[in-house]
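What follows is each chain in one-letter form.
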Amino acid sequence: MDYRSSENTGATEVAVGGVHIPGPRAEDRMPETVTSAVKIVIVGGFGVGKTTMVGSVSEIRPLTTEETMTQAGIGVDDNYGSDTKTATTVAMDFGRIRITDELVLYLFGTPGQERFWFLWNGLFEGALGAVVLIDTRRLEVSFDVIGRLEERGVPFVIANNAFPDGPRYPAEELRSALDLDPHVPIIECDARRRASSRDVLLTLMRYLHEMALHRA
């Protein structure tokens with residue numbers, strides 16, 4: 001087996017039996033300074049922006065498992081916003097972001113359609129924390145999501161993805177509507193913007209740190 005670098009892309013190529021197979025791009029390789037990795041899940045109902053958040057904040061090319069929505073899903077899936085949404089995640093989204101030189105977060109976006117929720121248990125395994133993306137136009141789709149995290153004891157923060165036509169509510173009204181504990185952080189975000197999505201992840205990491213200090 002032989003390795004060589006591509007001058008055009010910076011990717012490593014692996015030669016197997018004389019066939020050169022592209023390896024990871026230079027920008028996708030894990031920095032040598034990283035010493036810790038944390039698994040984070042991004043959850044929420046259909047169409048709240050999970051794939052968008054993973055894609056906007058990931059420093060590597062994100063892995064997505066989106067499939068085109070078809071007429072077969074009518075009456076089975078939550079088709080809210082289907083006039084503009086043409087694809088849905090059927091397994092997971094995956095991305096990676098470095099928070100510090102030593103710490104990297106692996107991001108796993110869960111499928112929103114209820115018929116794919118059986119995959120959540122596997123995605124929750126080993127997760128240190130979660131981001132719950134909500135849409136104020138459809139708060140009710142968040143109830144089961146939050147309940148599942150609470151049942152598994154996964155700490156989470158609430159990220160209100162501010163859609164242009166979504167109603168605005170004070171944080172405490174959202175806390176009451178979602179029946180959240182007083183200490184659960186609520187932050188408004190724009191999942192399309194890298195800086196905004198990064199702020200959500202930093203809020204989660206600070207929350208997890210505070211919880212660890214409280215347990216110590």
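Within each chain, residues carry numbers counting from 1 in the order of the written sequence. Side-chain atom pairs in this predicted model are given and counted only at pLDDT of 80 or more, local residue features only at pLDDT of at least 70, and totals for whole chains, interfaces and linings cover all residues. Processing note: side-chain calculations cover all non-hydrogen atoms of the structure and skip hydrogens and water entirely.

1. Some points on a negative patch on the surface
Here's step 1: A cluster of like negative charges, contributed by E150, E151, D179 and D181, occupies part of the molecular surface.
Here's step 2: Summarising the element assignment, D181 is placed in the loop between helix 4 (171–177) and strand 11 (186–189). Each patch is built from residues that are more than 30% exposed by relative accessible area and take part in no salt bridge. Like charges join if they lie within 9 Å; nonpolar side chains (Val, Leu, Ile, Met, Phe, Trp, Tyr) join within 5 Å. Surface exposure here means Shrake-Rupley accessible area, sampled with a 1.4 Å probe, where a residue is shielded only by the protein chains that are shown. Between Lys or Arg on one side and Asp or Glu on the other, a salt bridge is scored when a side-chain nitrogen of the former is within 4 Å of a carboxyl oxygen of the latter. We count Lys and Arg on the positive side and Asp and Glu on the negative side, and we leave His and both chain ends out. The location of each charge is read from NZ of Lys, CZ of Arg, CG of Asp or CD of Glu. Here a helix means four or more residues in a row that DSSP labels H or I, a strand means two or more in a row labelled E, and each is numbered from the N terminus.

2. Quick notes on the environment of C189
Here's step 1: Examined against the element boundaries, C189 turns out to sit in strand 11.
Here's step 2: In this scheme, a residue with accessible area under 20% of its type's maximum is buried, one over 50% is exposed, and one in between is partly exposed, where area comes from a 1.4 Å probe on protein chains only. Since its relative accessible area comes to 4%, C189 is described here as buried.
Here's step 3: Apart from the residues within four sequence positions on either side, C189 is in contact with M53, L133, A159, N160, N161, A162, S196 and V200. Should any heavy atoms of two residues lie within 4.5 Å, those residues are considered in contact.

3. Describing the side chain of N161
Here's step 1: For N161, the location among the structural elements is in strand 10 (residues 156–161).
Here's step 2: With a relative accessible area of 7%, N161 lands in the buried category.
Here's step 3: Two N or O atoms form a polar contact when they lie within 3.5 Å of each other; inside protein one atom must be a possible hydrogen donor and the other a possible acceptor, and for residues adjacent in sequence the pair counts only when both atoms belong to side chains. Separated by 2.8 Å, the side chain of N161 and the backbone oxygen of V48 make a polar contact.
Here's step 4: At 3.1 Å, the side chain of N161 and the backbone nitrogen of A191 are in polar contact.
Here's step 5: Look past the residues within four positions of N161 in its chain and what remains in contact with it is V48, G49, L133, I134, C189, D190 and A191.

4. Comments concerning the pattern of salt bridges
Here's step 1: Taken as a whole and assessed by the stated rule, the structure comprises nine salt bridges.
Here's step 2: Salt-bridge contacts for E172 lead to R175; the nearest nitrogen and oxygen are separated by 3.3 Å. One end of the pair, E172, and the other, R175, are both in helix 4, three residues apart, so they sit about a helical turn from each other.
Here's step 3: In this structure R175 comes out as buried when scored by relative accessible area, which is 12%.
Here's step 4: One salt bridge in this structure joins D190 and R192, with 2.9 Å as the shortest N-O distance.
Here's step 5: Look at R192 and you get exposed, because its relative accessible area is 59%.
Here's step 6: One salt-bridge network, in which partners are shared between bridges, spans D135, R137, R138 and D165.

5. So, the sheet that holds strand 4 (residues 36–43)
Strand pairing in a sheet is mediated by backbone hydrogen bonds. Such pairs are either parallel or antiparallel.
Here's step 1: In short, DSSP must find at least two bridges between two strands for them to pair. Reading across the sheet, the six strands line up as 7-8-4-9-10-11 and stay open at both edges, with mixed pairing between neighbours. Either end of the sheet is taken by a strand with one partner, and the two such strands are strand 7 (93–98) and strand 11. In this sheet, neighbouring strand axes are inclined to one another by 25° on average, regardless of whether the strands run parallel or antiparallel.
Here's step 2: The pairing of strand 4 with strand 8 (residues 103–109) spans seven bridges and is parallel. Each residue of the ladder has a partner; that of K39, found in strand 8, is Y106.
Here's step 3: The strands that helix 1 (residues 50–57) touches are strand 4, strand 7, strand 8, strand 9 (129–134) and strand 11; relative to strand 7, the one it contacts most, it runs at about 35°. Working convention: axes come from line fits to C-alpha atoms, limited for helices to the stretch in contact. Angles between N-to-C directions cover 0 to 180 degrees.

6. Here's the deal with the packing of aromatic side chains
Here's step 1: Note on ring pairs: Phe, Tyr and Trp rings are taken, using the six-membered ring of Trp, and paired if centres are within 6.5 Å. Classes follow the plane angle, with under 30 degrees stacked, over 60 edge-to-face and the rest tilted. Enumeration over the complete set of coordinates arrives at two aromatic pairs.
Here's step 2: Relative to Y106, the ring of F94 lies with its centre 5.8 Å away and its plane at 20°, an arrangement referred to as stacked. Here the residue F94 occupies a position in strand 7, and Y106 occupies one in strand 8, the gap between them amounting to 12 residues.
Here's step 3: Classification of F94 by relative accessible area gives buried; the value is 19%.
Here's step 4: Linked through ring pairs, F94, Y106 and F108 together constitute an aromatic cluster.

7. A word on the environment of D135
Here's step 1: By the secondary structure assignment, D135 is in the loop between strand 9 and helix 3 (143–152).
Here's step 2: Taking C-alpha positions, D135 is 9.0 Å from A159, a pair spaced 24 residues apart along the chain.

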